[in-house]
Amino acid sequence: MEPLASKLRPKKLSEVISQNHLTNDNSILNMMINKQQFHSIILSGPPGTGKSTIGHILLNSADCNTAVFNASKDNKAKLKEIILNSPVLLLVDEIHRLKKDVQDFLLEYLESGEITLIGLTTANPYHSINKSIRSRTTILTVKPINKEQIFSYLKKIADSEYQNRAIDEKILRYIAEASCSEIRTSINMLEMLMLNEEITLAVARQTFQKTNLSLGEDDHYDLLSGLQKSIRGSDVNASLHYLAKLILLDDLHSITRRLMVIAYEDIGLANPNLGVRANAVTEIAFKLGFPEARIPLSQLVIELALSPKSNSAYLAIDKALKDISAGNSGSLPNNLKNRKLYKYPHDFAGKIVNQQYFPTGATYRKYFEPTDSGSYEETLKNRYQLINKYFKIK
């Protein structure tokens, strides 16, 4: 028997829920279909938001050879078979799991145009996908679906598929909230619930003894932001609360990436060893996997939240980037290009020599403004002041 989620799966882009930025009449995807000119794309977003559905709509709309490849279970031999029918529009599910040898093999045909790629991923494509593949594709974001949109869709399904059974809206709202913003999960839950003779909220709660985590109005990315802001604000208990929610969402990749960002963006020079610690904990967490990974992650979050904070390094590089973008660039001074003109600092007292380092033609800027957030940064501050005095920089 065909599952209800499969039966109701959209057949055209206009039927896809909550992705109007990708599915409207003037969207790039509709233009590719209408003109039959397909370009390589990667659809990135949380589970159950419609990536696979959109990918298959594109395949079914294409007047050319098409194929499907699952990166988690298919091998290079299957890809070689697919290439025999090139040119081909290829959908690669879970593209972030693509093995290196398969990536290298795919790249050659992607570059030649024999393969046009539709990649699907729940991971951050800028972090998890081979840069060479990424540079040859356009990344499109599939947005999370909020519970109100899921509720409205469930109500529509209840009215069309279960006309003879009265379903309280409270039950549909419960499913929408418990489905963790996954439309497919919500449909499966509704279909399972309808097996019961009596449909009540109590029956729904009993049927789904362990529901997915209810996030309320918060989506996955809001939780990651909440975790970072709580650590930045040194509220260790709020930090652990958001960590627990993210652990229940079972997305180890996003958690560890965000914690490494926090270690350098918010802790920075106040406690530079935490950057190294964050990297070590990430490796340990991936080796352990959940549920054990929760233990080193908890320890790291506690350390990050209670550590002294400094964003001086983060602010310094952003000032430099902004300055250069505004046109304050110049060229490398001659003494840094010419070995004969260059003075080697190690040959001088204090390992300092007064020579030009800042680009010729650019206005000298002081990007780095150290703080007194920790003993390490205070040491850097003292050294910085000494050097500035030596160079007569105010």
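Overview of the structure. Bear in mind that the values here come from a model prediction, so they are computed numbers and not experimental data.

1. Points about the overall build of the chain
Then, number 1: From N to C terminus, the chain includes 20 helices and five strands.
Then, number 2: The C-alpha radius of gyration computed for the chain amounts to 27 Å, which surpasses the reference 21 Å derived for 394 residues by more than 25%, pointing to a less compact arrangement than a globule.
Then, number 3: Expressed as lengths along the three principal axes of its C-alpha atoms, the size of the chain is roughly 90 × 55 × 40 Å.
Then, number 4: Going through the 394 residues of the chain one by one, you find that 44% of them count as buried.
Then, number 5: Of the contacts formed within the chain by residues at least 6 apart in sequence, a portion of 68% connects residues at least 24 apart.
Then, number 6: Accessible surface, the chain: about 22200 Å² in total, of which carbon and sulfur atoms supply 50%.
Then, number 7: Here the chain contributes 49 positively and 42 negatively charged side chains, and the mean placements of these two sets differ by 9 Å.

2. Remarks on helix α10 (residues 169-178)
Then, number 1: Inspection of α10 places I171, L172, Y174, I175, A176 and A178 among the buried residues, and these make up the whole buried set.
Then, number 2: Here the buried face of α10 lies against α9 (147-161), α11 (183-193) and α12 (201-207).
Then, number 3: By the N-cap criterion, in which a side-chain oxygen at the helix start approaches the backbone nitrogen of a residue two or three places on, α10 is capped by D168, the distance to K170 being 2.8 Å.
Then, number 4: One or two residues past the end of α10 sits C180, with phi positive at roughly 60°.

3. Describing the side chain of Q355
Then, number 1: You can see Q355 is positioned in the loop between α19 (334-337) and α20 (375-390).
Then, number 2: Note on Q355: relative accessible area 11%, which makes it buried.
Then, number 3: Side-chain polar atoms of Q355 contact the side chain of N335, separated by 3.2 Å.
Then, number 4: A polar contact of 2.8 Å, which involves the side chain of Q355, links it to the side chain of Y357.
Then, number 5: Those residues within four positions of Q355 in sequence are excluded, and the remaining contacts are N335, L341, Y342 and K343.

4. Considerations on the layout of surface pockets
Then, number 1: Counted as a void, the second largest pocket has a volume near 360 Å³.
Then, number 2: Considering the residues around the second largest pocket, the lining is formed by 18 residues, among which Y357, Y364, I387, F391 and I393 are closest to the centre.
Then, number 3: Considered class by class, the residues forming the lining of the second largest pocket number 10 nonpolar, four polar and four charged.

5. Quick notes on the nonpolar core
Then, number 1: Counting 28 residues, the largest nonpolar core has L154, I157, I167, I175, L190 and L193 as the members making the most contacts within it.
Then, number 2: For this core, the secondary-structure elements that each account for two or more residues are α1 (4-7), α9, α10, α11 and α12.
Then, number 3: L154 has contacts with L172, I175, A176, S186, I187 and L190, leaving out every residue within four places of it along the chain.

6. Observations regarding a nonpolar patch on the surface
Then, number 1: Residues L332, L336, Y342, Y344 and Y357 make up a contiguous nonpolar surface patch of roughly 450 Å² in combined accessible area.
Then, number 2: When you line up the elements, Y344 lands in the loop between α19 and α20.
Then, number 3: Taking the relative accessible area as the measure of exposure, Y344 reaches 44% and is therefore partly exposed.

7. Overview of the sheet that holds strand β1 (residues 41-44)
Then, number 1: The strand order β2-β3-β4-β1-β5 describes an open sheet built from five strands, whose pairing is parallel. Here the strands that pair on one side only, and so sit at the sheet edges, are β2 (65-70) and β5 (138-141). This sheet shows a mean twist of 20° between the axes of neighbouring strands, independent of strand direction.
Then, number 2: With five bridges connecting them, strand β3 (residues 88-93) and strand β4 (residues 115-121) associate as parallel partners. The partner of V88 across the bridge, within β4, is I115.
Then, number 3: Set on the sheet, helix α5 (residues 76-83) makes contact with β2, β3 and β4; between it and β2 the angle comes to about 175°.
Then, number 4: Its contacts with the sheet put helix α6 (residues 100-112) on β2, β3 and β4, and the angle it makes with β4 is roughly 135°.

8. Topic: the pairing of β1
Then, number 1: Of the two faces of β1, the one lined by I41 and L43 and the one lined by I42 and S44 are each fully buried.
Then, number 2: Relative to β5, β1 runs parallel, the two sharing four bridges. By the bridge assignment, I41 is partnered in β5 with T138.

9. Here we look at the pattern of salt bridges
Then, number 1: Per the stated rule, a full pass over the model turns up 13 salt bridges.
Then, number 2: Close ionic contact of D74 with K78 constitutes a salt bridge, the shortest N to O distance being 3.3 Å.
Then, number 3: Looking at K78, the relative accessible area reads 31%, which means it is partly exposed.
Then, number 4: Salt-bridge contacts for E265 lead to R232; the nearest nitrogen and oxygen are separated by 3.4 Å. A residue pair is termed long-range when its members are at least 10 positions apart, and E265 in helix α15 (residues 252-267) and R232 in helix α13 (residues 220-232) qualify at 33 residues.
Then, number 5: Judged by its relative accessible area of 18%, E265 falls in the buried class.
Then, number 6: Note on R232: relative accessible area 38%, which makes it partly exposed.
Then, number 7: Each of K155, D159 and E169 takes part in a single network of salt bridges with overlapping partners.

Cut-off values and rules
- Residues numbered from 1 in each chain as written.
- Predicted model: local features only at pLDDT ≥ 70, side-chain atom pairs only at ≥ 80, totals over all residues.
- Heavy atoms only, no water.
- Helix = DSSP H or I, 4+ residues; strand = E, 2+ residues; numbered from the N terminus.
- Rg over C-alpha atoms; globule rule 2.2 N^0.38 Å.
- Buried < 20%, exposed > 50% of the residue type's maximum accessible area, 1.4 Å probe, protein only.
- Contact = heavy atoms within 4.5 Å.
- Areas by Shrake-Rupley, 256 points an atom, 1.4 Å probe, with all protein chains shown as cover.
- Lys, Arg positive; Asp, Glu negative; His and termini not counted.
- Charge placed at Lys NZ, Arg CZ, Asp CG, Glu CD.
- Polar contact = N/O pair within 3.5 Å; in protein donor to acceptor, adjacent residues only side chain to side chain.
- 1 Å grid on protein atoms, 1.4 Å probe; cavity = no way out; pocket = protein on both sides within 12 Å on 5 of 7 lines; lining within 4 Å.
- Points joined across faces, edges and corners; volume = space filled by probe spheres on them.
- Nonpolar A, V, L, I, M, F, W, Y, C, P; charged D, E, K, R; others polar.
- Core = buried A, V, L, I, M, F, W, Y, C linked by side-chain atoms within 4.5 Å.
- Patch = residues over 30% accessible without salt bridge, like charges linked within 9 Å, V, L, I, M, F, W, Y side chains within 5 Å.
- Salt bridge = Lys/Arg side-chain N within 4 Å of Asp/Glu carboxyl O.
- Pairing = 2+ DSSP bridges.
- Axes fitted to C-alpha atoms, helices over the stretch in contact; angles between N-to-C directions.

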